[in-house]
Amino acid sequence: MKKRMEVKEAIHNEEKLLLKVESLSDEAENLHAKGQMLADSDQLAFIYLLDNGEDFVYLSVPSSFWPALKEAREHNLPVYAVVNGKQIFLQDFHTELDYLIENIKGNANYGEEMEKKVTDIFQL
């Protein structure tokens, strides 16, 4: 089973968006961004893939934090995960997010609730 970390806080400043997660028992030093995102329509979340050298770790961004993603996207701010105090640059975050948003728009495969939430927050 893949490890999953959930964003617990989003800190937005003029330079970047920090997505803080709960502590991870594994060493955060081994985590690296994969530059890929998935949609989790059951949990209404976007999943960014991290790699710990052995397996993927899912960084789950629940819909409650999507307004922060929208603001970072509009201002083209880099997005970082903060895991055990380490900042990990989430490469290709906006490109992947844009791709998912476009795919979800008008696509019943993601479920009505996911489609509505994405449309409402990202104002499609």
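Before any of the text, the structure's been laid out above.
Because the structure is a prediction, the values reported are computed rather than measured.

In this section: the nonpolar core. With 36 residues, the main nonpolar core has Phe46, Leu50, Leu59, Trp66, Leu69, Leu90 and Phe122 as its most contacted residues. No other element matches the 5 residues that helix α2 (residues 93-104) contributes to this core. Beyond its immediate chain neighbours, meaning those up to four positions away, tryptophan 66 contacts Leu44, Ala45, Phe46, Val61, Met114, Lys117, Val118, Ile121 and Phe122.

In this section: the environment of lysine 2. Tracing the backbone shows lysine 2 in the segment before β1 (3-12). Residue class for lysine 2 comes out partly exposed when judged on its relative accessible area of 33%. Sequence-wise, lysine 2 and phenylalanine 56 are 54 residues apart; in three dimensions their C-alpha atoms are separated by 6.3 Å.

This next bit is on the side chain of serine 63. Along the chain, the position of serine 63 falls in the loop between β5 (56-62) and α1 (66-74). The exposure class assigned to serine 63 is buried, which follows from its relative accessible area of 14%.

Turning to the sheet that holds strand β7 (residues 86-89), a few remarks are in order. An order of β3-β4-β5-β1-β2-β6-β7 is seen for the 7 strands of this open sheet, with the pairing classed as mixed. The sheet terminates laterally at β3 (32-40) and β7, the two strands that pair on one side only. Neighbour-to-neighbour, the strand axes of this sheet turn through a mean angle of 35°, independent of strand direction. Where β1 and strand β2 (residues 17-21) come together, 5 bridges link them in antiparallel fashion. The residue of β2 that forms the bridge with isoleucine 11 is leucine 18. In the packing of α2 onto the sheet, the strands contacted are β3, β4 (45-51) and β6 (79-83), and the crossing angle to β3 comes to about 15°.

What counts, and at which threshold
- Residues numbered from 1 in each chain as written.
- Predicted model: local features only at pLDDT ≥ 70, side-chain atom pairs only at ≥ 80, totals over all residues.
- Heavy atoms only, no water.
- Core = buried A, V, L, I, M, F, W, Y, C linked by side-chain atoms within 4.5 Å.
- Buried < 20%, exposed > 50% of the residue type's maximum accessible area, 1.4 Å probe, protein only.
- Helix = DSSP H or I, 4+ residues; strand = E, 2+ residues; numbered from the N terminus.
- Contact = heavy atoms within 4.5 Å.
- Pairing = 2+ DSSP bridges.
- Axes fitted to C-alpha atoms, helices over the stretch in contact; angles between N-to-C directions.

These figures come from the coordinates and say nothing about function on their own.
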